[in-house]
Amino acid sequence: MDRIILYGGNRLTGEVNVSGAKNAILPILAATVVEGNESTIFNVPNLRDVEVMEKILLALGCTIKRVDNIMWVNSKPLDQVKIPDELAREMRSSIILMGAMLSRCGEVIISYPGGCEIGPRPIDMHLKALKDLGAEIEESYGFIHCRASKLKGTEIQLDYPSVGATENIILAAVKAEGTTIIRNAAREPEIVDLQNYLNKAGARISGAGTSVIIIEGVNEFKKDVTHYTMPDRIVAGTYMIASAITRGEIILKNIITDHLQAVIAKLKEAGCLIYSDENSLKIIGPERINSIEMVQTLPYPGFPTDMQAQIMALLSIANGISIISETVFENRFKHVEELIRMGANIKTFGKVAIIKGVKELTGTKTTAKDLRGGASLVLAGLVAKGRTEIENVYHIKRGYEDFHKILKGLGANIELVE
Ligand code: EPZ
């Protein structure tokens, strides 16, 4: 079982070219099946989740070629409607294939996604919206069987700006009869990237990035598509914390700084110096990190829940008491007990954590329980005294390309033991 081993104390310096976004490429790969066409996608990250999506598309009959960070997907030969059970279970976000497959084939069979490490992940809003668009949905024996001869555009008011539900509705509505309006839609930048990809293929979507998205259904997509995947704002945020926590000086390239405003604001509160232009930034970590009165995770453009664990690692060595309120997911504090094993002083009350900064962390054996929690243990290990060992690295590989190699390049004393 892969493990990461690191020795803390080194100040990190240097440059990082940020890779393409996991949470953008997954819905875009799902979108490649909407029409039988060829997609050429650049800046595709090398991640475990991308490999799973690739396997699903191959199992559906698509052909795929990949060279480094470029992927060619030909979805013309698609001839299956059932998503392989074991693959769907491996990656929750395969659920967004429902909308795409309904657009393409009018039918899809997929296993019910269970909960995951960060809590129950219901899909009630996805199913309700697809029914509103006219899909018949049968749920039995752990599977969801959706059918629709022709979806019909309608108005959908989401109870919560769910990222996945917004993406599923867009993918189902692009070829529906008439116009669909999503209100209280998710505003994440990854939704804008999906809109851009689909519009290049011939869709008519507007409003992504705002809470009202309008999709005019079209009969067919005409074009093959070439798309450059947006950079990963969560990967960028994670390296910003690596700089902050080690009193480092790191330059991030190939980012969209605008996507990082909520993270930048909090890291400035923590005492970091940040200089930026549109597509790059330099972050210098302070000698002593300031505590932050409140970090509340919220849908975009609020502070991302996917950065919660990483900023907790930083605040565990801050000067004073910080509070984190996790409002998006039920159970996203699994990293707390591992950080406490490293000497952190953290108390949780439901979805609120109170972090009393300590002078130093100490290295020990730890276990990654989920993707971002795993990243927070690596960040804590960068400053912890002595040796830190992190097990279950497969969680981290789901969302970070060459994490240990890039940190090593910045001066960390780190290795991956396979
Ligand atoms: C996306 O998940 C991201 N995943 C998550 O990133 C991210 O944490 C999340 O959005 C929030 O930003 C991908 O894009 C692949 P949601 P998603 O639907 O779409 C509840 C990472 O670390 N909800 O916006 O699953 C839900 O339980 C991952 O990269 C319902 O109740 O998130 C949650 O509490 C982790 N019913 C909240 O809404 C529904 O039908 C937000 O979920 C749908 C969601």
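The structure presented is a predicted model; accordingly, all values stated were derived computationally and were not measured.

Chemist: Would you mind showing me how to read the packing of helix α8 (residues 233-245) against helix α12 (residues 371-383) here?
Modeler: Packed helix pairs are specified by the crossing angle of their axes together with the interaxial distance, meaning the distance between the axes. Contact geometry of α8 with α12 gives a least axis separation of 9 Å together with a crossing angle of 20°. Compared by their axis directions, α8 and α12 come out roughly parallel. Between α8 and α12 the crossing geometry is right-handed. Contact residues: α8 offers Ile234, Thr238, Ile241, Ala242 and Ile245, while α12 offers Arg372, Ala375, Leu379, Ala380, Leu382 and Val383. Its residues assigned to classes, the contact of α8 with α12 shows 9 nonpolar, 1 polar and 1 charged.

Chemist: How do you make sense of the pattern of salt bridges when you look at a structure like this?
Modeler: Two side chains with opposite charge may pair up if their charged atoms get near one another. This model, assessed by the stated rule, comprises 29 salt bridges. Salt-bridge contacts for Glu15 lead to Lys253; the nearest nitrogen and oxygen are separated by 3.6 Å. Taken as a pair, Glu15 in strand β2 (residues 13-17) and Lys253 in strand β14 (residues 249-253) lie far apart in primary sequence, 238 residues in all. In this structure Lys253 comes out as partly exposed when scored by relative accessible area, which is 33%.

Chemist: Looking at this model, I keep getting lost on the site of the ligand. Mind explaining?
Modeler: Taken together, 22 residues lie around the ligand, and Asp124, Ser162, Gly164, Asp306 and Val328 are the ones closest in. Side-chain polar atom of Lys22 to an oxygen atom of the ligand: 3.0 Å apart, as the coordinates give it. Contacts to the ligand include Asp124, whose side-chain N or O atom sits 2.6 Å from a nitrogen atom. Looking at the shell around the ligand, the elements with two or more residues in it are α1 (22-31), α5 (124-132), α6 (163-173) and α12. The class makeup of the residues in the shell around the ligand is 10 nonpolar, 6 polar and 6 charged. Shared between two domains, the shell around the ligand takes at least three residues from each, and those domains are domain 1 (3-19 + 231-417) and domain 2 (22-228).

Chemist: What's the story with the sheet that holds strand β12 (residues 212-216) in this structure? I'm lost.
Modeler: Whether parallel or antiparallel, the strands of a sheet pair through hydrogen bonds between backbone atoms. Pairing is mixed across the open sheet formed by 4 strands, whose spatial order is β9-β10-β12-β11. Each of the sheet's edge strands pairs with one partner strand only, and the pair in question is β9 (155-157) and β11 (204-206). Taken pair by pair, the neighbouring strands of this sheet meet at an average axis angle of 10°, ignoring direction. Here 3 bridges tie β9 to strand β10 (residues 179-183), and the two strands are oriented parallel to one another. Each residue of the ladder has a partner; that of Glu155, found in β10, is Ile181. Running over the sheet, α6 touches β9, β10, β11 and β12 and is turned about 175° from β10.

The rules behind the values
- Residues numbered from 1 in each chain as written.
- Predicted model: local features only at pLDDT ≥ 70, side-chain atom pairs only at ≥ 80, totals over all residues.
- Heavy atoms only, no water.
- Axes fitted to C-alpha atoms, helices over the stretch in contact; angles between N-to-C directions.
- Helix = DSSP H or I, 4+ residues; strand = E, 2+ residues; numbered from the N terminus.
- Parallel < 35°, antiparallel > 145°, perpendicular 65-115°, else oblique.
- Left-handed = near helix turned anticlockwise from the far one by under 90°.
- Contact = heavy atoms within 4.5 Å.
- Nonpolar A, V, L, I, M, F, W, Y, C, P; charged D, E, K, R; others polar.
- Salt bridge = Lys/Arg side-chain N within 4 Å of Asp/Glu carboxyl O.
- Buried < 20%, exposed > 50% of the residue type's maximum accessible area, 1.4 Å probe, protein only.
- Near = heavy atom within 4 Å.
- Polar contact = N/O pair within 3.5 Å; in protein donor to acceptor, adjacent residues only side chain to side chain.
- Domains from an automatic or database assignment.
- Pairing = 2+ DSSP bridges.

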